[in-house]
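What follows is the residue order along each chain.
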Amino acid sequence: MRCWLDSCPKVNRLAYLLLRYEMNVVLLGPPGSGKGTQAELMHERLGFVHYSTGDVFRDHIKRKTPVGYEVKEYVTSGRLVPDSVVIEVVNAFIAEHVGKPIVYDGFPRTIPQAEGFGRVLDGHGLKVDAVVLIDLADDEVIRRLTARRQCRKCKKIYNLTFRPSRKEGICDECGGELYQREDDKEETIRRRLDVYREQTEPLIKFYEDKFKLERIAGELGRDKVFEELKRILETGKE
Ligand code: AMP
């Protein structure tokens, strides 16, 4: 029988052998710490499904769906979408993707979300397999996010300072337009950082008490962080 991973050309065979199909990995960290970039690498190189609640909400807003109308004000102002809306969206996603290796980027963000997540996974006979915190100091977050640009079409992330596209304003992968997210303006970044410290940081202790939470310094940069991440995932399977 063919595994769904066989249809993903970029997956390397080692990753294929290493992965437990139902693995659920949570990436925690402040905005701009590189969660999205690392989750994308986990998708490209290890075959994980990359689930970003932020991307899901931006997509709803773009498509002007009822959920989009409901969350727009929160997303553009940098405040958190109510837990009930988030859990509903995530529930539907998990029901559809159950059994695949999934990396959660930007979810959970509050204790009630983490508790709800645990219950949903439990209902499918699953659990959180690894929680990795990618930490970054506030000054560096602001420096990175004000220079961040994202492709409107394929969502690939660039940085004007250390990861620019070859042609200004154009995505290297798909030719889509690069734009600055509304919530990547400095004032909104500061609000997102406050929200992170108040509502999301308590999750560090929540997960530390439950499992072994692993920490990686975001300052290490994309490639070294990914090396660390792979080491953690491989050790976790021993
Ligand atoms: P992100 O792309 O992860 O930085 O998310 C962008 C925005 O989407 C956040 O500032 C929130 O407004 C909203 N959002 C994304 N994920 C969540 C979540 N798990 N809980 C609440 N709001 C979220």
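See the structure printed just above.
This part is about the site of the ligand. Taken together, 18 residues form the shell around the ligand, and within it T53, G54, L80, V81 and G106 come nearest. Contributing elements (two or more residues each) for the shell around the ligand: α3 (53-62) and α4 (66-77). Broken down by element, the residue count for the shell around the ligand peaks at three residues, all from α3. The residue makeup of the shell around the ligand, split by class, is nine nonpolar, five polar and four charged.

A few words on the packing of helix α7 (residues 138-146) against helix α8 (residues 186-200). Relative placement of two packed helices is described by the angle separating their axes and the distance separating the axes. Orientation of α7 relative to α8, taken along the N-to-C sense of each, is 140°, at an axis distance of 10 Å. As judged from the angle between their axes, α7 and α8 are oblique. For the pair α7 and α8, the sense of crossing is right-handed. Contact with α7, carried on its side by D138, V141, I142, L145 and T146, involves E186, I189 and L193 of α8 and no other residues of that element. For the contact of α7 with α8, a count of residues per class yields five nonpolar, one polar and two charged.

Glancing now at the sheet that holds strand β3 (residues 102-105). Pairing is parallel across the open sheet formed by five strands, whose spatial order is β2-β3-β1-β4-β8. With one partner strand each, in any of the chains shown, β2 (49-52) and β8 (213-217) form the two edges of the open sheet. Averaged over all pairs of adjacent strands, the angle between their axes in this sheet comes to 25°, without regard to strand direction. Direction of pairing for strand β4 (residues 130-135) relative to β8: parallel, over a ladder of five bridges. The residue of β8 that forms the bridge with V132 is E214.

The rules behind each value
- Residues numbered from 1 in each chain as written.
- Predicted model: local features only at pLDDT ≥ 70, side-chain atom pairs only at ≥ 80, totals over all residues.
- Near = placed C-beta within 6 Å.
- Helix = DSSP H or I, 4+ residues; strand = E, 2+ residues; numbered from the N terminus.
- Nonpolar A, V, L, I, M, F, W, Y, C, P; charged D, E, K, R; others polar.
- Axes fitted to C-alpha atoms, helices over the stretch in contact; angles between N-to-C directions.
- Parallel < 35°, antiparallel > 145°, perpendicular 65-115°, else oblique.
- Left-handed = near helix turned anticlockwise from the far one by under 90°.
- Contact = placed C-beta atoms within 7 Å.
- Pairing = 2+ DSSP bridges.

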